[in-house]
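Chain and residue survey
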Amino acid sequence: MNLLRAFIAVEIPLDIRQAVCNATSDLQKEINALVRWVPMENMHLTLKFLGDVSPPNVDMLTQMIRAEADLFHCFEFGLGGLGSFPNLKRPRVIYIGIQAPTVLDALQRGIDSASRRLGYESEERGFSPHLTIGRVKQNITATDQQTIRRALEGTKIDALGTTKVDSLHLYKSDLQPTGSVYTRLYSAPLKK
């Protein structure tokens with residue numbers, strides 16, 4: 001039986017993804033050799049990374065996602081600002097910030113709790129909503145880290161727009177030599 005690598009996410013509209021690419025184009029050129037950039041078509045807000053999922057579990061996950069989506073009304077969040085995890089001195093993930101309303105946290109907690117009941121482990125770190133735009137390559141030098149830090153500190157990104165959350169999506173991720181390819185398996189609308 002082939003396992004699927006899967007996650008639950010919120011889609012980011014094309015105009016916002018384009019705004020992210022435009023706002024970060026100089027940064028990408030400056031540190032391109034040190035970072036694997038997320039292709040625009042793969043940008044999303046992950047609510048729950050599930051990991052390996054057996055095909056029979058996909059039905060249970062779709063039912064769970066539908067049940068969670070039925071509990072929440074559509075809402076919006078803003079995107080803007082630039083940051084890195086775990087911090088600027090040792091960047092591993094480069095992201096755009098999300099100004100999330102409390103309903104986003106409640107939605108994520110509900111999804112995490114429901115998926116835990118289905119046997120998927122909770123994330124040890126607390127939920128920190130962000131839009132990953134790049135991952136720093138492995139085995140970079142201390143000088144490279146300083147170069148990335150200076151580039152991040154020298155890049156100012158203001159508000160990039162607002163995203164309406166009107167549905168939840170289950171995706172599978174296929175790892176290819178050219179990067180991950182995401183395929184939407186299921187979508188559940190939130191209440192209007």
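Everything here concerns the structure above.
The paragraphs below set out a description of the structure included in this document. Treat the numbers as computed from the prediction; the structure is a model and nothing was measured.

Reading the values: rules and limits
Residues numbered from 1 in each chain as written. Predicted model: local features only at pLDDT ≥ 70, side-chain atom pairs only at ≥ 80, totals over all residues. Heavy atoms only, no water. Pairing = 2+ DSSP bridges. Helix = DSSP H or I, 4+ residues; strand = E, 2+ residues; numbered from the N terminus. Axes fitted to C-alpha atoms, helices over the stretch in contact; angles between N-to-C directions. Buried < 20%, exposed > 50% of the residue type's maximum accessible area, 1.4 Å probe, protein only. Core = buried A, V, L, I, M, F, W, Y, C linked by side-chain atoms within 4.5 Å. Contact = heavy atoms within 4.5 Å.

1. Let's talk about the sheet that holds strand 1 (residues 4-11)
Read across the sheet, 4 strands follow the order 3-1-8-9 without closing on themselves; strand pairing throughout is antiparallel. The open sheet is flanked by strand 3 (44-53) and strand 9 (179-189), the only strands paired with a single partner. Across the sheet, the mean angle from the axis of one strand to that of its neighbour is 25 degrees, orientation sign disregarded. Judged from the 5 bridges that link them, strand 1 and strand 8 (residues 167-176) form a sheet pairing that is antiparallel. Counted as the bridge partner of Ala-9 is His-169 from strand 8.

2. A look at unusual backbone geometry
Each neighbour pair has its own omega, and for Phe-85 with Pro-86 the value is -5 degrees, a cis peptide bond. At Asn-139, a residue that is not glycine, the phi angle is positive and equals roughly 55 degrees. With respect to the element layout, Asn-139 can be found in the loop between strand 6 (130-136) and helix 4 (142-153). Given a relative accessible area of 77%, Asn-139 falls into the exposed group.

3. Looking at the nonpolar core
Phe-77, Ile-94, Leu-168 and Leu-170 are the most contacted members of the largest nonpolar core, which totals 51 residues. Ranked by the residues each element gives to this core, the list is headed by helix 2 (residues 55-69), at 5 residues. Setting aside anything within four residues of it in sequence, one finds Phe-77 in contact with Val-10, Ile-12, Leu-45, Ile-98, Gln-99, Ala-100, Pro-101, Leu-104, Gly-161, Thr-162, Thr-163 and Val-165.

4. With respect to the sheet that holds strand 2 (residues 35-37)
Taking strand neighbours across the sheet as the criterion, the 5 strands line up as 2-6-5-4-7 in an open arrangement whose pairing is antiparallel. Across the chains shown, the open sheet's two edge strands, defined by having one partner strand only, are strand 2 and strand 7 (159-165). Here the average twist between neighbouring strands, direction ignored, is 35 degrees. Sheet topology note: the strand 2/strand 6 ladder contains 3 bridges and is antiparallel. Looking at the pairing, Trp-37 lines up with Gly-134 of strand 6. Here helix 1 (residues 14-30) sits on the sheet and contacts strand 2, strand 4 (75-85), strand 5 (93-99), strand 6 and strand 7; the angle it forms with strand 7, its principal contact strand, is near 150 degrees.

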